[in-house]
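Residue-level structure breakdown
One letter stands for each residue in the lines below.
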Amino acid sequence: MSIPSNLKYTKDHEWVILEGEIATIGITHFAQKELGDIVYVEVETLDQTLEKDEVFGTVEAVKTVSDLFLPMTGEIIAFNDALESSPEDVNSDPYGKGWMIKVKVANVSDYDELLSSEEYAKLIGA
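Basis of the calculations
- All residue numbers refer to positions counted from 1 along the written sequence of the respective chain.
- Since the coordinates come from a predicted model, pLDDT governs what is reported: local features require at least 70, and pairs of side-chain atoms require 80 or more to be given and counted, while whole-chain, interface and lining totals use all residues.
- Side-chain metrics rest on all non-hydrogen atoms present in the structure, leaving aside hydrogens and water.
- UniProt positions are given in the numbering used here, feature names are shortened, and annotations may be inferred rather than shown by experiment.
- Labels follow the DSSP assignment, with helices taken as runs of H or I lasting at least four residues and strands as runs of E lasting at least two, numbered in each case from the N terminus.
- We call a residue buried when its accessible area falls under 20% of the maximum for its residue type, exposed when it is over 50%, and partly exposed in between, using a 1.4 Å probe and counting protein chains only.
- The rule is short: rings of Phe, Tyr and Trp, with Trp giving its six-membered ring, pair when the centres are within 6.5 Å, and they are stacked under 30 degrees, edge-to-face over 60, tilted in between.
- Whether a charge sits over a ring depends on NZ of Lys or CZ of Arg being within 6 Å of the ring centre and within 35 degrees of the ring normal.
- Only residues above 30% relative accessible area that lack a salt bridge enter a patch, with like-charged residues linked at up to 9 Å and the nonpolar side chains Val, Leu, Ile, Met, Phe, Trp and Tyr linked at up to 5 Å.
- In these tables, accessible area is a Shrake-Rupley quantity obtained with a 1.4 Å probe, and a residue counts as shielded only by the protein chains included in the view.
- In what follows, salt bridge is the name for a side-chain nitrogen of Lys or Arg lying within 4 Å of a carboxyl oxygen of Asp or Glu.
- When charges are counted, neither His nor the chain ends are considered; positive counts come from Lys and Arg and negative counts from Asp and Glu.
- Note that the charge is assigned to NZ on lysines, CZ on arginines, CG on aspartates and CD on glutamates.
- At least two bridges found by DSSP between two strands is the condition for calling them paired.
- To get an axis, fit a line to the C-alpha atoms, keeping to the stretch in contact for a helix; angles then go from 0 to 180 degrees between the N-to-C directions.

As recorded by an unreviewed UniProt entry, the chain carries the name Glycine cleavage system H protein and is attributed to Flavobacterium myungsuense. For the record of the chain, the UniProt heading Subunit (unreviewed entry) holds the text "The glycine cleavage system is composed of four proteins: P, T, L and H."

A separate point is unusual backbone geometry. Positive phi, normally seen in glycine, also occurs at Asp47, with a value near 70°. Examined against the element boundaries, Asp47 turns out to sit in the loop between β4 (38-42) and β5 (49-50). By relative accessible area, Asp47 is classed as exposed at 56%. With a phi angle near 75°, Asp53 is a residue other than glycine that sits in the positive phi range. Counting through the fold element by element, Asp53 comes out in the loop between β5 and β6 (55-61).

Moving on, we get to the UniProt feature "modified residue: N6-lipoyllysine" (unreviewed entry) in the chain. When the UniProt feature table is mapped onto this chain, "modified residue: N6-lipoyllysine" (unreviewed entry) is found at Lys63. Following the sequence through the fold, Lys63 ends up in the loop between β6 and β7 (65-69). We classify Lys63 as exposed; its relative accessible area is 81%.

With that settled, consider the packing of aromatic side chains. Throughout the structure, instances matching the rule amount to two aromatic pairs. Taking the centre distance of 4.8 Å and the plane angle of 15° together, the rings of Tyr9 and Tyr120 count as stacked. Here Tyr9, found in strand β1 (residues 8-9), pairs with Tyr120, found in helix α4 (residues 117-124); they are 111 residues apart in sequence, far enough to count as distant. What makes Tyr9 buried here is its relative accessible area of 0%. Note on Tyr120: relative accessible area 0%, which makes it buried. One Lys or Arg, Lys8, reaches over the ring of Tyr111 and ends 5.6 Å from the middle of that ring.

This paragraph deals with a negative patch on the surface. On the surface, a cluster of negative charge is made up of Asp12, Glu51, Asp53 and Glu54. Mapped onto the fold, Glu51 is located in the loop between β5 and β6.

The next subject is the UniProt feature "domain: Lipoyl-binding" (unreviewed entry) in the chain. As annotated by UniProt and renumbered to match this structure, "domain: Lipoyl-binding" (unreviewed entry) occupies residues 22-104. Here residues 22-104 is 18% helix and 42% strand, with 5 Å between the C-alpha atoms at its ends.

Once that is clear, we can look at the sheet that holds β4. Ordered in space as β4-β6-β7, the three strands form an open sheet in which the pairing is antiparallel. If you trace the sheet from one side to the other, it starts and ends with β4 and β7, each paired once. When the angles between neighbouring strand axes are averaged without regard to direction, this sheet yields 25°. Bridge count for β6 against β7 is five bridges, and the pairing is antiparallel. When the bridges of β7 are listed, Thr58 appears paired with Asp67.

Here it is as C-alpha cells:
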C-alpha cells in the first residue's frame, strides 16, 4: 500500500502536503480502498474558514457516505473541480489527480502535529 513519505497524515485518513502557507489535502490510499468505488465528492465550504477537525465535505462511495475532516485550521481556497466529472480519480490516483482541496492555513505549525508516514503506517497496520 502506498504511503508517500513526503506527506503528513491524520487519524481520519486524510493526507496533507504544505507548500508555504498553502496545504493540499486529499484522502489516503487506505481510505479510498476501504470506501470502495467513489462516485461523488462534495465540498460546500469553498471560501470559508474552518477550524481543525471540522467537516469540510463528504465523499460518497457506492455503499456509504463519509465525512471529510480538515486537518489544519484555515480558509478553503480551492476545490479540485475535476472531481465533479471524474470522482474515480480519488480511487485511481489519491495522492495526485485525486487531491480534494487547498487551504490557506492559519498556523503552519499545525503541520508538525500531523502523523509522519511511519506513524500513519503503524496506525493502519501496514
